[in-house]
Structures are given as C-alpha cells and as structure tokens.
Amino acid sequence: MISIAEILDSTTALCLAPAAKPNVEGNVSVEVSANNGYDFTRESGRNFTYVPTAYINDIYPKMGPIKGGTHVHLSGSGFRQNESTLCRFQLLGHVAGSISPKVSSAMILSDTDLICTSPSILVSSNNNVDLLGASVQVSTNGVDFTPSHTKTRF
C-alpha cells in the first residue's frame, strides 16, 4: 500500500496509514521513496502495527461527582495493553462546545474490560451550566479514539 507523505523537515515525514483489509492485524514494514515511488528504502527496520478497532459496549457506574476521581469500568472489545491507552471524556450540554475534552489514563483488565478515572469538571460559576453528561471514548494508541462511545453523567 502506498500513502502520500507530507515532508515536515529534512528528517521527518508525516504519512496517513492506509486502511487495513478487514480483520487484518499485525506489523507491516514502512519504507520511504523520495522519487515518486520508483525507489524505496530497504530493510529500514521500521514497522507500523495494525490493531483491531476498539469498541465500547457499556459503562459502570453511569454517573459520578463533578470533582472526578470515580473509577469508571468500560466493557467492549479490542482493548490492548499499551502505555498509550487513554479514556476521553467530552462534556455534553450547553457549555460543551467551550470546554475541551478531558483525557485520563486507562488500566486494561482484558481485551474486553478496562478502568479509567473520571476527570474533574471545572466550570466557571459565571456560566449558565446545563450539563447533560459526558461522552466517553477509548484510544489504544494515544491518537485514534473509538468510533463508538457511551455516556455518563456528572
């Protein structure tokens, strides 16, 4: 598979990983061409790993205090132990557009269960707040988050 690269500087290129075939996971070697695909680097020793997409099916508990600190149990599929595994909480409600998502680390229990800690939700007392809860997503690589999400309330 070939992907167009954006050259950032003399030693760095940014490439979008092409989609893997369905149900394919594992390592693929990464090679670079500086002449429109005529010649590629050989045996660079650089790999990219395709992993299954993670999905969330359920969350428990479904609510917690705005001060945060609640251990939230997520069940789903495709969870992989990785130092980059994260949970992202995005507020829902009238002020949601003005508040950035909050991210916390996750502890993988198995490929179907993980625990993360809810962040504190600090909202200015000057805002007319109507929180409807938060959307929760998971990332197993620290960049890409689950297409599925579930909601919790604060």
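The paragraphs below set out a description of the structure included in this document. Just so it is clear, the structure is predicted and the values come from calculations on it, not from any experiment.

### Thoughts on the environment of Q81
Part 1 of the reasoning: Tracing the chain through its elements places Q81 in the loop between β6 (71-77) and β7 (86-93).
Part 2 of the reasoning: Here Q81 falls in the exposed class, since its relative accessible area comes to 60%.
Part 3 of the reasoning: Considered as a pair, Q81 and T140 are 59 residues apart in the sequence and their alpha carbons are 7.7 Å apart.

### So, the pattern of salt bridges
Part 1 of the reasoning: Per the counting criterion, the structure on display carries 1 salt bridge.
Part 2 of the reasoning: Among the salt bridges present, the one from K62 reaches D58, with a minimum N-O distance of 2.8 Å.
Part 3 of the reasoning: Classification of K62 by relative accessible area gives partly exposed; the value is 45%.

### Examining the layout of surface pockets
Part 1 of the reasoning: Taken as a whole, the largest pocket holds about 1,600 Å³ of empty space.
Part 2 of the reasoning: Taken together, 46 residues line the largest pocket, and the ones lying closest to its centre are C15, L16, A17, P18 and F48.
Part 3 of the reasoning: Elements represented by at least two residues in the lining of the largest pocket include exactly β1 (5-9), β2 (12-15), β3 (26-29), β4 (47-50) and β10 (131-139).
Part 4 of the reasoning: Partitioning the lining of the largest pocket into residue classes produces 25 nonpolar, 17 polar and 4 charged.

Cut-off values and rules
- Residues numbered from 1 in each chain as written.
- Predicted model: local features only at pLDDT ≥ 70, side-chain atom pairs only at ≥ 80, totals over all residues.
- Heavy atoms only, no water.
- Helix = DSSP H or I, 4+ residues; strand = E, 2+ residues; numbered from the N terminus.
- Buried < 20%, exposed > 50% of the residue type's maximum accessible area, 1.4 Å probe, protein only.
- Salt bridge = Lys/Arg side-chain N within 4 Å of Asp/Glu carboxyl O.
- 1 Å grid on protein atoms, 1.4 Å probe; cavity = no way out; pocket = protein on both sides within 12 Å on 5 of 7 lines; lining within 4 Å.
- Points joined across faces, edges and corners; volume = space filled by probe spheres on them.
- Nonpolar A, V, L, I, M, F, W, Y, C, P; charged D, E, K, R; others polar.

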